[in-house]
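Remarks on the overall topology
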Amino acid sequence: MTLPVKFVVLKDVFRRSDPCILGIEILAGELRQNYWIINENNNRIGKIIDIQSEKRKIDSAKIGDKVAVSIEGAIYGRNIKENQILYSDMTNNDIINFLDIKDKLPQDYSNAFDEIRRIKNF
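What comes next is a walk through the structure.

Moving on, we come to the packing of helix α1 (residues 92-101) against helix α2 (residues 107-119). Contact geometry of α1 with α2 gives a least axis separation of 12 Å together with a crossing angle of 150°. Taken as axis vectors, α1 and α2 run roughly antiparallel relative to one another. The handedness of the crossing between α1 and α2 comes out as left-handed. Between α1 and α2, the contacting residues are Ile 95, Phe 98 and Leu 99 on the first element and Tyr 109, Phe 113 and Arg 117 on the second. In terms of residue class, the contact of α1 with α2 is made up of 5 nonpolar, no polar and 1 charged.

Below is the structure:
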């Protein structure tokens, strides 16, 4: 299941494409590898293929973490920009399943979830 996440693109760009590698800060929720990412218009940006912190590969990042991510399919300057807010692309099944565990997770997960639901009109 894809968990909700909201993050902002920082000014650190290490590679513009193939894959795009850049710095982000997690604003809410939890980011994991293989999550598809959408923008505020529900347009798919790409897929997270790697997350690193201090040059070490990590499995996930949570609120407040500043990490580098590799995003397959993203092109910096074209479909991703500095200061842009991005979200995990939760499927309808992810949304339904998350409703069952929503109360057991920190409030920031719920905040990101509510924004994703609004973006996806679910």
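With that settled, consider α1. For α1, every residue scored as buried is listed here: Asp 94, Ile 95 and Phe 98. Seen end-on, α1 carries its buried residues on one side only, within an arc spanning 95°. α1 presents Asn 93 and Asp 100 as exposed residues on the side facing more than 90 degrees away from its buried surface. Here the buried face of α1 lies against α2.

What follows deals with the packing of aromatic side chains. One pass over the full model with this rule turns up 1 aromatic pair. With a centroid separation of 4.5 Å and an interplanar angle of 45°, the aromatic rings of Phe 98 and Phe 113 are classed as tilted. Of this pair, Phe 98 sits in helix α1 while Phe 113 sits in helix α2, placing them 15 residues apart in sequence. A relative accessible area of 0% places Phe 113 in the buried class. Stacked on the ring of Trp 36, the Lys or Arg Arg 44 has its end atom at 4.2 Å from the ring centre.

Before going further, it helps to examine the pattern of salt bridges. Across all of its chains, the model carries 5 salt bridges by this definition. For Arg 44, the salt bridge is made with Asp 89, and the minimal N-O distance between the two is 2.9 Å. Of this pair, Arg 44 sits in strand β4 (residues 44-53) while Asp 89 is found in the loop between β8 (85-88) and α1, placing the two residues 45 residues apart along the sequence. We note a salt bridge from Lys 120 to Asp 89, for which the minimum N-O separation is 2.7 Å. Of the two residues, Lys 120 is situated in the segment after α2 and Asp 89 in the loop between β8 and α1; the sequence distance between them amounts to 31 residues. One connected set of salt bridges, linked through shared partners, spans Arg 44, Asp 89 and Lys 120.

Before going further, it helps to spend a moment on the side chain of Gln 84. Secondary-structure assignment places Gln 84 in the loop between β7 (66-72) and β8. Looking at Gln 84, its side chain comes within polar contact range of the main-chain nitrogen of Lys 81, at 2.9 Å. The residues contacting Gln 84, other than those within four sequence positions of it, are Phe 7, Val 8, Val 9, Asn 39, Glu 40 and Asn 79.

Scoring rules and cut-offs
- Residues numbered from 1 in each chain as written.
- Predicted model: local features only at pLDDT ≥ 70, side-chain atom pairs only at ≥ 80, totals over all residues.
- Heavy atoms only, no water.
- Axes fitted to C-alpha atoms, helices over the stretch in contact; angles between N-to-C directions.
- Helix = DSSP H or I, 4+ residues; strand = E, 2+ residues; numbered from the N terminus.
- Parallel < 35°, antiparallel > 145°, perpendicular 65-115°, else oblique.
- Left-handed = near helix turned anticlockwise from the far one by under 90°.
- Contact = heavy atoms within 4.5 Å.
- Nonpolar A, V, L, I, M, F, W, Y, C, P; charged D, E, K, R; others polar.
- Buried < 20%, exposed > 50% of the residue type's maximum accessible area, 1.4 Å probe, protein only.
- Arc of directions from axis to C-beta.
- Phe/Tyr/Trp six-rings, centres within 6.5 Å; stacked < 30°, edge-to-face > 60°.
- Lys NZ or Arg CZ within 6 Å of the ring centre and 35° of its normal.
- Salt bridge = Lys/Arg side-chain N within 4 Å of Asp/Glu carboxyl O.
- Polar contact = N/O pair within 3.5 Å; in protein donor to acceptor, adjacent residues only side chain to side chain.

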